[in-house]
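Listed below are the residues making up each chain.
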Amino acid sequence: AQSVAQPEDQVNVAEGNPLTVKCTYSVSGNPYLFWYVQYPNRGLQFLLKYITGDNLVKGSYGFEAEFNKSQTSFHLKKPSALVSDSALYFCAVRAHSGNTPLVFGKGTRLSVIA
Amino acid sequence: DTAVSQTPKYLVTQMGNDKSIKCEQNLGHDTMYWYKQDSKKFLKIMFSYNNKELIINETVPNRFSPKSPDKAHLNLHINSLELGDSAVYFCASSQEWTPNQPQHFGDGTRLSIL
């Protein structure tokens, strides 16, 4: 069965500093990996995905993520955090084959302090 | 224009009642989903439909019955509501069932059982 671990419930970072939100996954075979962001009282918004190829994936709002197969990780990064980046971030994984669902991590709350 | 819209946004009702939540997407997508987000923000798939056919039916009580009258609509009917059904229910859609497709979420229906 596939699963996602987001080891940090909360990440605090000062505005202008780089940020990292961690994610590790478990899946049979190769993964499709996704990051979503959720603002208060809103649905999830897609940020970026890894399918295959280049391990560094660039997404919306200046976010990027690095796929590391040996460490089964897909950490979300941004070089310079903004206060408006404060939100709940979800990592998700889906197997390449079979009628398997998208499985989400428990979420990490990012707080960017001015 | 809202891509994935859910109605109602808020639903407050008594235990034992029957209620429905409607979802419509105007993206021309083939696949639609229902998710449940609990009070700890954990997000879990409930159902997936592709071209009006049920693809995924996770371990959900049979009090929950999805209905897809056409590709653009996926409604959720809940019978005999229980306290534990209190949650935020999200509808989502993706272009097709292919697992590398990102999903587009509605803003959720907040269900509170008194």
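You'll find the structure just up there.
A.B. asks: What is the right way to read the interface of chain A and chain B from this model?
C.D. replies: The figure often quoted for interface size is the accessible area lost as the parts come together. Counting residues at the interface gives 23 residues for chain A and 23 residues for chain B. In this assembly, chain A packs against chain B so that about 1900 Å² is buried in total across both faces, 55% of it on carbon and sulfur atoms. Residue assignment for the side of chain A that touches chain B shows that the elements contributing at least two residues are β5 (31-38), β6 (44-50) and β10 (87-95) of chain A. Taken together, the residues that form the side of chain A that touches chain B break down as 12 nonpolar, six polar and five charged.

A.B. asks: Explanation requested: the sheet that holds strand β1 (residues 4-7) of chain B in the structure shown.
C.D. replies: Working definition: the strands of a sheet are paired by backbone hydrogen bonds and lie parallel or antiparallel to each other. All names here are of chain B. In spatial order, the strands read β1-β3-β8-β7; together these four strands make up an open sheet with antiparallel pairing. Among the strands making up the open sheet, the edge pair consists of β1 and β7 (64-70). Averaged over all adjacent pairs, the angle separating strand axes in this sheet is 20°, with direction ignored. Sheet analysis places β7 next to strand β8 (residues 73-78), joined by five bridges and oriented antiparallel. Opposite K67, over in β8, you have N75 as the bridge partner.

A.B. asks: How should the pairing of strand β9 (residues 73-78) of chain A be read in this particular structure?
C.D. replies: Successive residues of a regular strand alternate their side chains across the two faces of the sheet. All names here are of chain A. When you tally the buried positions in β9, you get five out of six residues, the bulk of the element. In terms of strand pairing, strand β3 (residues 19-21) meets β9 through three bridges, oriented antiparallel. Each bridged residue has a counterpart across the sheet, and for T20 the counterpart in β9 is K77. Connecting strand β8 (residues 64-68) to the next strand, β9, in antiparallel fashion are four residues, including T72 with a positive phi near 45°.

A.B. asks: Help me understand the packing of aromatic side chains, please; the structure alone is not making it clear to me.
C.D. replies: Pairs of aromatic rings are described using the distance from one ring centre to the other and the angle between the two planes. Counted by the stated rule, this structure contains 17 aromatic pairs over all chains. Arranged with centres 6.5 Å apart and planes meeting at 65°, the rings of F34 of chain A and F46 of chain A form a pair that is edge-to-face. Here F34 of chain A, found in strand β5, pairs with F46 of chain A, found in strand β6; they are 12 residues apart in sequence, far enough to count as distant. Arranged with centres 6.4 Å apart and planes meeting at 75°, the rings of F90 of chain B and F105 of chain B form a pair that is edge-to-face. Residue F90 of chain B is located in strand β9 (residues 87-94), and its partner F105 of chain B is located in strand β10 (residues 104-105); the two are separated by 15 residues in the primary sequence. Note on F105 of chain B: relative accessible area 9%, which makes it buried. Connected via pairs of aromatic rings, a cluster forms that spans F34, Y36, F46, F90 and F104 of chain A together with Y33, Y35, F90, W97 and F105 of chain B. In this structure, R94 of chain A packs its charged tip against the face of W97 of chain B, placed 4.4 Å from the ring centre.

Definitions and limits used
Residues numbered from 1 in each chain as written. Chains lettered and ligands numbered in written order. Predicted model: local features only at pLDDT ≥ 70, side-chain atom pairs only at ≥ 80, totals over all residues. Heavy atoms only, no water. Contact = heavy atoms within 4.5 Å. Buried area = accessible area lost by both parts, 1.4 Å probe. Helix = DSSP H or I, 4+ residues; strand = E, 2+ residues; numbered from the N terminus. Nonpolar A, V, L, I, M, F, W, Y, C, P; charged D, E, K, R; others polar. Pairing = 2+ DSSP bridges. Axes fitted to C-alpha atoms, helices over the stretch in contact; angles between N-to-C directions. Buried < 20%, exposed > 50% of the residue type's maximum accessible area, 1.4 Å probe, protein only. Phe/Tyr/Trp six-rings, centres within 6.5 Å; stacked < 30°, edge-to-face > 60°. Lys NZ or Arg CZ within 6 Å of the ring centre and 35° of its normal.

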